[in-house]
Amino acid sequence: MHKKLFIPGPVEVSPEILQAMATPMIGHRMPEYAKLHESVVSGLRKVMFTEGYILLATSSAFGVMEGAIRNLVGKRCANFCNGAFSDKWHTITLSCGKEADPFRVDWGKPITPELVDSALSTGKYDAITLIHNETSTGVMSPLSEIAEVLRKYPHVVSIIDTVSSMSALKIPIDEMGIDCCIFGVQKAFAVPPGLTVFSASEKAMERAGIIEGRGYYFDFLEFEKVAKKNNTPSTPAIPQIYALQAQLERILAEGLEMRWRRHSDLQDIVHDWITWEGFELYPSREFCSRTLTCVRNNRNIDLATLKERMGQRGYAINDGYGRIKGTTFRIPHMGDLQIGELQDFLLAMTEEIKSLQ
Ligand SMILES: Cc1ncc(COP(=O)(O)O)c(C=O)c1O
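Residues numbered from 1 in each chain as written. Predicted model: local features only at pLDDT ≥ 70, side-chain atom pairs only at ≥ 80, totals over all residues. Heavy atoms only, no water.

1. Brief notes about unusual backbone geometry
Here the bond from Gly-9 into Pro-10 is cis, since omega is -5°, no more than 30 degrees from zero. Structurally, the position occupied by Pro-10 is in the loop between β1 (4-6) and α1 (15-20). One non-glycine residue, Asn-300, lies in positive phi territory at about 50°. If you trace the backbone, Asn-300 turns up in the loop between β12 (292-296) and α12 (303-312). Asn-300 sits in the exposed class, given a relative accessible area of 66%. (Helix = DSSP H or I, 4+ residues; strand = E, 2+ residues; numbered from the N terminus. Buried < 20%, exposed > 50% of the residue type's maximum accessible area, 1.4 Å probe, protein only.)

2. As for helix α8 (residues 202-209)
Buried residues of α8: Ala-204, Met-205, Arg-207 and Ala-208, and no others. For α8, the arc enclosing every buried residue in end-on projection is 160°, short of the 170-degree limit, so these residues lie on one face. (Arc of directions from axis to C-beta.)

3. A few points about the domain arrangement of the protein
How big an interface is tends to be reported as the loss of accessible area on association of its parts. Per the domain assignment, the segments making up the protein are domain 1 (4-9 + 255-356) and domain 2 (21-253). Computed from C-alpha atoms alone, the centre-to-centre distance between domain 1 and domain 2 is 27 Å. Counting residues at the interface gives 24 residues for domain 1 and 33 residues for domain 2. Summing the contributions of domain 1 and of domain 2, the shared interface buries around 2300 Å²; its carbon and sulfur component is 61%. In terms of surface lost to domain 2, no three residues of domain 1 exceed Leu-256, Trp-260 and Phe-287, which account for 24% of the buried area on that side. The interface formed by domain 1 and domain 2 contains one salt bridge. Here Asp-336 makes a salt bridge to Arg-250, at a shortest N to O gap of 2.9 Å. Inspection of the region where domain 1 meets domain 2 yields 15 residue pairs in polar contact (both at pLDDT 80 or more). Where the side of domain 1 that touches domain 2 is concerned, the elements lending two or more residues are α11 (256-277) and β12. (Domains from an automatic or database assignment. Contact = heavy atoms within 4.5 Å. Buried area = accessible area lost by both parts, 1.4 Å probe. Salt bridge = Lys/Arg side-chain N within 4 Å of Asp/Glu carboxyl O. Polar contact = N/O pair within 3.5 Å; in protein donor to acceptor, adjacent residues only side chain to side chain.)

This is the structure in structure tokens:
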């Protein structure tokens, strides 16, 4: 039996998108591929709100997150850390041989514009990494306010992970002045994993141009060179790109405003359920993620048994991540999820939780 995915990615993929992956294969140096690539990039432009480079990498998100460090950090990087993925990005930065400092806040808290300002005002940094939506803790940091602060530091290249937020709410890359924005397609885009999309501003490309040791697979300049021909430096995951093309058509047919509203409605329904059930939010309400909710297990539910029982009912659920596994659990509400499906899921959760206590 297929278990319906209620984990924070990969998420459920609609049958028609899976079907698009079965399109007969083409070669990436054939004109048919350039057409496919062009149509995907033009769809992405509408979702990402950028006229800059939009590049497709065959990799999970961490590949490009590491690549961005190799390409864009010159002098020293400020890594803003508020959860498992942002902590890991700091470790990755150091493992690439770059100078870097972590700016940590407690898990469950957002990165604030004030923290970014005080770090950058030291003048020590020429790049930052920041995760917009920390999937491990369900925290969304205030990106537009942070982007305002970044305007004061034009020599700093901003590398922003929107892995689990892009398409669920408006993230206008150019208006915010983000230099490199990275996301995988397996979260709010609801496409099978294996493909990562990233943007690069002229400033980012200029920075890459003066940095050595960029490697080959994620060399931004290689991507730039072939992007002009609607292509990728090496063989891309063509089935995923077909799926992304089909999904972009669906996203634009739903309408971006409607998609953002649906995500917001899904979030409200989950928050109401949490209150009704007597659970607490892990982050403060103001900084709760639009795409997943991290719930404090204040009722001491046996999450391992809940996971097993929900599995028997045909749902795959999550019982927390990293050091908050077991004391929290996360309910995703992103991608193509519809309100009725979420309500069915929450009803099943209520029944199983009741039977456990
Ligand atoms: C915010 C965030 N960044 C990075 C990653 C890593 O993505 P991937 O597993 O595609 O490398 C994840 C994965 O869940 C994530 O949620």
